[in-house]
Each structure stands twice: as structure tokens, then as C-alpha cells.
Number of protein chains: 2
Amino acid sequence: MITPLQKARYEYAPKLPGMLRHGIADICVEEGDYTESVADQEKIKALFPLTYGKKEITFKKGTNTADAKKQVVGVILSGGQAPGGHNVVCGLYDALKAANGENVLYGFKNGPSGLLNDDFIEFDDEYINQFRNTGGFDIIGSGRTKLETKEQFAVAAEVCKKHGITAIVIIGGDDSNTNAAVLAEYFAQNNSGVQVIGCPKTIDGDLKNEDIECSFGFDTATKTYSELIGNIERDANSAKKYWHFIKVMGRSASHVALECALETQPNYCLISEEVAEKKMSFSQIADSIADSVAARAANGMNFGVAIIPEGVVEFVPEFAVLIHEINELLAGTKAEAFNALPTWAEKYAFIENGLTKESMEVFAILPQSIQQQLFLERDPHGNVQVSLIESEKLFSAMVKDKLEARRKEGKYNGKFNALHHFLGYEGRCAFPSNFDADYCYSLGYNAFMLIQYGYTGYLSKVSNLSKPAEEWVAGGMPITKMMNMERRHGEDKPVIKKALVDLNGKPFRYFEERRAQWAVETCYTYPGAIQYYGPTEVCDLTTKTLKLEKE
Amino acid sequence: MITPLQKARYEYAPKLPGMLRHGIADICVEEGDYTESVADQEKIKALFPLTYGKKEITFKKGTNTADAKKQVVGVILSGGQAPGGHNVVCGLYDALKAANGENVLYGFKNGPSGLLNDDFIEFDDEYINQFRNTGGFDIIGSGRTKLETKEQFAVAAEVCKKHGITAIVIIGGDDSNTNAAVLAEYFAQNNSGVQVIGCPKTIDGDLKNEDIECSFGFDTATKTYSELIGNIERDANSAKKYWHFIKVMGRSASHVALECALETQPNYCLISEEVAEKKMSFSQIADSIADSVAARAANGMNFGVAIIPEGVVEFVPEFAVLIHEINELLAGTKAEAFNALPTWAEKYAFIENGLTKESMEVFAILPQSIQQQLFLERDPHGNVQVSLIESEKLFSAMVKDKLEARRKEGKYNGKFNALHHFLGYEGRCAFPSNFDADYCYSLGYNAFMLIQYGYTGYLSKVSNLSKPAEEWVAGGMPITKMMNMERRHGEDKPVIKKALVDLNGKPFRYFEERRAQWAVETCYTYPGAIQYYGPTEVCDLTTKTLKLEKE
């Protein structure tokens, strides 16, 4: 059974960039300059001798000069879901079939492991048509296996050879695209003849650089979260009795939190990158939120909305030190002695004895539930599971303490009732917005053009995205151009640089200029549910982040 | 600043029932039969001597014969937010101004307390136009003060007299409409000349009977929750590694949970009324969920979605007994002895000693976090705060235990990773769906017609709602008709009977017939975000509950 919206979305015709609208036979390539990686050029060149430094390319209207050989392409969805993934596959399929009816598209199941396990399906019209313009990665499933070892590459080469595969398209985030580049180099060095093309996916928005204006899914996910935050704001402003602490997904970068703040104008939004830059302590953060609560209370408004990025606690310097000390304190067999202590009071004394004075001060201000979580819920290696920490509850508890202290000093006389929310899974599989539906379809279509023209180690690139789709620019960029060397697990690795929120960038500065007002007044804005039909100014908008960056 | 959708929604013209489309001068009344309350007729008649037993009325096209005297109407939003409340006010305002430009509409601020505090605003076009077709109750705020005592009524009469108020419209749930009827009777007995009209609001959907096909807000709220549940289902079916336990708002009745299940076809949905009817124990509930988990795991699907109604634990008979025993155990000064015990182990021994064997068995199967919550987080009267219990976590923890037991018996060999969600505040202030926008505007418009024709103690009634708005029927029904006597706080009170899910009704039976299949297979459906524009089959649908009930 399908829903009315799903049925209606099947009929939506995604918009391609103007230059890709003339049919495959009328798309030619314009090669640009040779490229260099953004840093560590020599090291990266040495690691990618055959795929480094290639030219940027752009497609244009013109006679197609590509080799029309039969293509057998395999596509992989890697990592967390992002709205629009299905449309990448559909765009790839449509271009591939339009080029040559004999071309074949395979979908490897449940992520990169599908390639290693030789587990795939072959797409046909009937199957693919069920997934057009829909959310989710259920078309073939996704997975988190990393394709990064020589042994895996050898298996992949074997599977490709067995089925005559000519190209692999990997749809994933920064790590997956890094691995796509490494695989491309491997295939090139082994003369396998298999090309590899990457597509930039992640709702986190941290796969972004000079060449990638935004990763797909960010638009739809942030619109879904903003819908809900706006609804909660309206509820807060109607009931006038709750402070809502809303955690939004995004493990490291705060692009999601920032975009949601730009869309909904809450009273407070924490930005992890700013916390790190200013070396903010928990106490400082709690005070800055309490300032908003107190100022609003003084104006009779005992309600508000604060946005908390999922990964923020890891950006608090004193907390990072505390976590390190806890991991040391319980390393190896020391955990046994700790676990043997029968009561929390005895455990607490053990902790007090084991931590430095500075870390103990940080530990002491945490609510007991979080204190216990840090010690009792550790991963199989005995490490603290930072991702499980309910930071929205942590901050609201600390704010409450701050307010009580101010009350005693006669500086606060309001009411503070907090409610907590976490927005994450609710937005990763929404029906893609028109923007994501168009962008993803274009990425997939364009990926095939790169395959047909023989490129490998390239990222499917569609840019000029703040303009109508007609004006979008389609082409490709060597993935190595986006790379630098970083220390990962004790080794120097070539990786795509993750894009954190730029504190000098326009989106953050726009927020920074207005947040003092938002903190005190009620400036909420209500984006409402994503609209796929209706006035173009409602249903064809992209993010405020992209708009500000491109202004 | 307003969003593009908000701007576009201002332009939306809500659809009135056909019979109200000819202009105020062409609306006449058709009186139907005298009415009787649904039960306890004599008692209710004695309590409402002047307003009991009045005739049902319907509006039709025809010459308006009402007295055209100047009307000064006060409107009140009572209780929890529900999408569409603003449109009730707008419909009321438009009818009132269309009838006579000198008519006045006041909005009492922050709920019924606004009437008691003489705190209101006067609406004009400029102000009201900012709220057309928007969500929330922020137009005047809402509140939970109950208008129920003689002293309050006397104050209300005073305020009405002071401002020449001729009628009060109360927009609220079952309790608020009960109180509207009592206030109407009071005003009638005191010859105040003030009429009272109620409008049926609540996202819970439990204000429903022979006369009220549905309360407003239920449509939009369940569509919003279903959007999110569908997105989560799609995520589950893509990642294939999590069971999502999703609690949905609704303190007593399970209409919201049932409607969401009909819209999204999850693997499991608990219905509180069934739990009560079948006297299900926690163990039985956990087993029934574990059956679905195990059956899916046997088919290689270690993922799923279960919907849990917010208020379900209160419907589990053994739990109600446990709560009663805990309240007794800690009543009065006994709590001090308990609180003085230094460790949880000693507290646990105290509990073990104090509960009956049966209740102790129930207590013992609860996860420790819930056990502690029951004893440590009590309200100012020392009572357990059942509403704070995270029932979604309670059930997933019990299911996990069941699965581990089955694993030991060799009956289960899957993986079970649970994630938890609570959907509530996210949906109460969404932009009303076209259905709720139309229905609410009609309720408000119609409420004015009841006022103009001199009715009091009536509920604004719009029916035939499963048909297009053109065919809707507008009229009024004495609120006393919906009443029976119930025991409340040790007293017999006349109240509107709350509508629980009817286990013999079509919506539940539809669910019951299909749930065995949904439990094992993946039959998810993805409703997507509410659409306000586009194909009528997408944007003018109401709930499956209403459709099935009216079929």
C-alpha cells in the first residue's frame, strides 16, 4: 500500500541543470585546469600517482564524443540515511538507460558490504519507479562497512571482474568519498578498468568545500527539524510555561543546529565550533543560557527554546579532559576494582580520589544521572560513550542550578520548567524536498556522464545551487583536490577535510548579529511542513545557509 | 519576520459548509427534536433546569430571522494547544463583523483566567489577519484554569456586565465544554443575558460522540506524528538495525496511537483500551511485542517500529494496584523513614517489606531506573507521577529481558537495539491541515450563528465531515445532551462522557484484522509531510479513523 503523497511524488519530474537537458547525445565535456589538493600536495600526490592532479571538468551542450561502450555500473549507498539517495540512483539509472538500452545498473545491498559479499540486485523500470522522489535508502539498504583495506579492494576487484562491472558509484559522506578515491587509485594501478565516482551525501552538512556547495539531504533534514522546532516554538509561545531544550543531530559540525536556528530564530542556539574556539566551560555555557532565561523571565516570559547540537559536549575542552581521565582511571583491570564497589557513594569517593582537581570540579557540576552514565555505560573497550550523553538534559539541569543560585542572590524570580527533545531519525528519511529531489537526480545523472567520459576518482559535482535548477552547473572534480593529511588512529591518512561551521562565514555572522535580540525577545519563525506543491517561493527554496554563503 | 509558508497560508480561504456560504442574511434555523442527555437524565435535568432538553438545531439557506442587536462576544482558548484554534477565532470574527460592523470580539488572554482577571484584547482586521490558517494558540494564549465554581461564575458575570458582553465562546476539550454548559446554566439562572457556546477541541480525539464526529486538531496532530513515524519507519527499513519505540501523546484514550498506526502500519501498536479490557499484564504486553521482534528476527529483520500510547501504564491493572500501594506505603510521615534510608539497597528492602507479594512481583520486573523514579520523583502530595514514566523505555527494557530469556531457551537468536522517541509537542501547533483549517473556521462561523439566534449552552456542531466541505452540515447541539454523571474527586458530577477507543468500532477492527501481518512483515506506509497545496487527494484528506467510522 502506498500513501497519496507517495503516489503523487512518483509523478514529479526532477529538474536537471539546463546543460543536461538536451539528451545524452548532446552533452560534451569542457576540461578546466589541472588541480592540486587543498594541502599536503606532495604527500597526496605520492599516494595517488595515477588519479592525482586531474583536471576539473564541466559539461556543456555539444556533441557527445564519449565512447558508447556498454556500461555495467554498480551503485552503493554508504552510511547514514539522507533524503534524496533514491533520486541519485534514479538519475544514474535514467542516464545510463538513455545512453544505451543495454547498459546495466546493479545495486549492492546494505552498503559497501554488498560489494564485498557479491550481494546485489539489477534495477529495472518497474523496481526503480517505486522509489522515485521518495526518502530512505531502502531501495537497496545502506551500511557502515568501510572500504579501505587492500584485501577488501582485491575482493571488490574480483566481484567487478566476475560481473563485467565498468564503474562503481559510491554515495556517501566524507569518509566514503575518501575511500572512493583510494579505491579508484587501486583500480587504476591494477588496470582493472573499473572507474569510481563519488556523490556527496550527509544531512550533517559537513561535506562542503570550495567545490561542493552542499551535501544532499541537508536541505530536507533541516527543513524537517525546522518544521518541528517551529511547531514547538509556537507551542511554547502559546502555553507560555516551558523552556524546550531541543537536541538536533550532527555529531561533530553544527551546521544543522545553525541552519535550524536561522530558520526558526530560537532564544538560544549553541554552536560547537564556537564553544571550542572560545574554550567555553560548562559553567560559561550554562550561564549564557541562564542569561536568556533570566532576561525573558524579567519581562514576564517564563518560556523559551534552546537548540543544542548533538556532539557539543566533545567540544567543551574541560569535558574532553575529564573523559580522557575517566578512560585512564578505568583502563584495563582498574575497572574491576571500581565495579566491585557496592554503592554509588563509594564509587564517588573512588572517582574523587582518581581525578585531578580540575576534572573533579567539572565532574561535580554534572547531574548525578550523567555522572553515573559516564561510569556505568561504557563501550566494550571500557570507554565512555559520549554519544549517549543526553546533552539536552545536561544543559537544562545546569541552567536550573544557575538559576537557583541567582534566585538566592535576588537576581532571578522566574519559573523554569524544562522539556527535552531529540530530533534526528525523524528527518533522515523524509521525502526529499524539491531541492534535494532535483539536486540528487542531477548528481546521479551527472555521475553517469562522468562514467561515460571515462573519468575516475571524481566527485559528481553540481554547483550554482542557490540559483534555479536551469542555471545549475554540472561537472566533476577529482576527489584528491579536496584532500589533506590528517592523523587518524595514530596514522597519517589522506582524507577529505571535514567542514566545520566557519565562525567568520556569513551564516554564523548573520546569527551572531541577531542572537542577542532573539535571546530576550520572542522572534520565533514558523517554517511549517515541507511543501512539494504550491507557490514556488514556498516549495523551491533551499537553505538559508546556502543562500547566505552564496550572496 | 514571517516564513514563506505562513505568508502563503494567509491567502488560504477556508471552505465553509455549503449552507453557510450564502451570507449571514441568508442563513435560517431549522429546529429538530428536543434532546435528552445520554444517561442520568433526571439528575442532569435537575442540575440544568433552564438549559436542559433544548432542541437540536441545523442551519439552512433561508431568510435570517435573528434579532440583529449589537453583539459583544468574548472568546477563550482553554487547555492544551490544538491546530486550528486560530481559525475558530477567525471564523467567529468574520461572521460577527459580516453580521454587523459594530459587533465586537474580545479575546480573553491566557485561558479562562483572562475572563476572571478581566484581561483581554479587542480584535481588529490587522491583528486577526496575522493568525489566519496558522497553528498555535498564541493569538491570545491559552491556560488550564477551570471555570467551575460559583465564585468564579460571579466574577465572570461581573466582567461580562462591565463590558456589555452578550456571549462567551469557549474553545476547549470535554472538561471545558462541561464547564461551558454549567456557566450557561448559571448565566441563565441569573438572568445575565450572556450566552455561552462551546467548540470541540483536542488533539487527543476523545471528545467524540454521536454528535461530534471529531474534535479539531486531531487531524493535523496525527498527520504530523504520522509523517514522523513514517520517516522513522523508512529509516528503520534502510538501516535495518534498530527497533524504534515511539510514544505518542494522549493521556487516556489511544485514538492518536490508533490513527497513527492506521496511517503508517507499524509492526506493533499498543492500545490502552485493549490492555484494560483484556486485563493485560506487563509481562503479557512485553511478550506480545517480543513475539513480533522474534518473528521478524527469524526472517532476518532485526528492526521494527512499535507505537506506545502515552497513558498506557495507567491502563495496566496490576500497575494501577502497584501505584496505589506505593502511595499508601509512603503516605504522610512514612515517607520520611523511607527517605532517611541511605542506600537504594536499603530502600529496596523497605519496599519489598511494604508491598504485597503480587505488587512486588510487578515492581521486580521494572527496570531499576523506573523503580527509582516511582519512589524518588513524587508530586507535592507524595504521589507517584505516572505521567513522567518513560513508558517507551519501560517496554523496550522489558522486551529486552524477554528476548534474553528466549535466547537462553534457544528460541531467539537475533539482535535487539532499541531507540526511543516521544512525539507530542511537535504536533500541537502545526499549521492546521486544510481539513482543520476549514473545520475550525466553520466551527467559529457557526458559533456566531448560534449566538445571533440566541442559543446558549450549545456546542457548535459541524458534521458530515468525511464528505467535501460543501456537504458539511452546520448547526448546534445542547451540551447537556452529551452528559452523564461521573464520580470525580469523591463527588458525582455532570460531565461530557470521554470517548475511549471502541474495541468494536471499525477503526480498531480494521487494525485488529491486519496487525498480525504487520507484526511480522514490513508493511510500512509513508504519509510524508502535511501538504496544503497540490492534488486534492493529497491535501484535502482527513483521518482514516473518521473515514472508517463514517463508511
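Not measured: the values here are computed from a predicted model. (Residues numbered from 1 in each chain as written. Chains lettered and ligands numbered in written order. Predicted model: local features only at pLDDT ≥ 70, side-chain atom pairs only at ≥ 80, totals over all residues. Heavy atoms only, no water.)

What to know about the relation of the copies chain B and chain A
For the record, the criterion: Our superposition of the copies is a least-squares fit, built on the C-alpha atoms of residues whose pLDDT is at least 70 in both. Should any heavy atoms of two residues lie within 4.5 Å, those residues are counted as being in contact.
Note on the identical chains: chain B maps onto chain A by a rotation of 180 degrees and an axial translation of 0.0 Å, with an RMSD of 0.0 Å. Between the two chains, the operation in question is that of a two-fold axis. The overlap is high: 100% of the interface residues of chain B also sit at the interface in chain A, so the same surface is used on both sides.

A short note on the side chain of B:D174
To keep things clear, this is the line we draw: Comment: elements are numbered from the N terminus, with helices defined as DSSP H or I runs of at least four residues and strands as E runs of at least two.
With respect to the helices, strands and loops of the structure, B:D174 is situated in helix α7 (residues 174-189). Residue contacts for B:D174: discarding those within four places in its chain leaves B:L207, B:I496 and B:K498.

Some remarks on the pattern of salt bridges
Selection rule: For this document, the term salt bridge refers to a Lys or Arg side-chain nitrogen within 4 Å of an Asp or Glu carboxyl oxygen. The cut-offs for exposure are 20% and 50% of the maximum accessible area for each residue type, with area from a 1.4 Å probe on protein chains only; residues under the lower value are buried, those over the upper are exposed, and the others partly exposed.
The final tally for this structure, using the stated rule, is 72 salt bridges over all chains. In this structure, A:R406 engages A:D291 in a salt bridge whose closest nitrogen and oxygen atoms are separated by 2.8 Å. In this pair, A:R406 is assigned in helix α17 (residues 391-408) and A:D291 in helix α11 (residues 282-298), connecting sequence segments 115 residues apart. Using a relative accessible area of 41% as the deciding quantity, one classes A:D291 as partly exposed. A salt bridge links B:E551 to B:K547; its shortest N-O distance comes to 3.6 Å. For the residue pair B:E551 and B:K547, the accessibility class agrees, reading exposed in each case. Put simply, A:E56, A:E210, A:D211, A:K461 and A:K481 are held in one network by salt bridges that share partners.

Considerations on the interface of chain B and chain A
Definition in use: Joining two parts hides part of their accessible area as seen by a 1.4 Å probe, and the buried area is that hidden amount summed over both. Two N or O atoms form a polar contact when they lie within 3.5 Å of each other; inside protein one atom must be a possible hydrogen donor and the other a possible acceptor, and for residues adjacent in sequence the pair counts only when both atoms belong to side chains. Each residue gets one of three labels, nonpolar for Ala, Val, Leu, Ile, Met, Phe, Trp, Tyr, Cys and Pro, charged for Asp, Glu, Lys and Arg, and polar for the others, Gly among them.
If you look at the interface, chain B gives 60 residues, while chain A gives 60 residues. Buried area between chain B and chain A, summed over both chains or domains, comes out near 4600 Å², and the portion from carbon and sulfur atoms is 56%. One salt bridge connects B:R428 with A:D235, and the closest N-O pair in it is separated by 2.7 Å. Linking chain B to chain A there are 24 residue pairs in polar contact (both at pLDDT 80 or more). Among the residues making up the side of chain B that touches chain A, the classes are represented as 25 nonpolar, 22 polar and 13 charged.

With respect to the packing of helix α11 (residues 282-298) of chain B against helix α17 (residues 391-408) of chain B
Each pair of packed helices gets described by two things: the angle between the helix axes and the distance between those axes. Residue and element names in this part refer to chain B. Our working rule: The axes are straight lines fitted to the C-alpha atoms, using for helices just the contacting stretch, and the angles between their N-to-C directions are given from 0 to 180°. Put simply, angles under 35 degrees are roughly parallel, angles over 145 are roughly antiparallel, angles from 65 to 115 are roughly perpendicular, and the rest are oblique. The handedness criterion is simple: a crossing whose near helix is rotated anticlockwise from the far helix by less than a right angle is left-handed, and one whose near helix is rotated clockwise is right-handed.
Contact geometry of α11 with α17 gives a least axis separation of 8 Å together with a crossing angle of 65 degrees. In terms of orientation, α11 lies roughly perpendicular with respect to α17. The crossing of α11 and α17 is right-handed. Across the interface between the two elements, F282, S283, I285, A286, D287, I289, A290, D291, V293 and A294 from α11 touch L394, F395, M398, V399, K402, L403 and R406 from α17. Class assignment for the residues of the contact of α11 with α17 results in twelve nonpolar, one polar and four charged.

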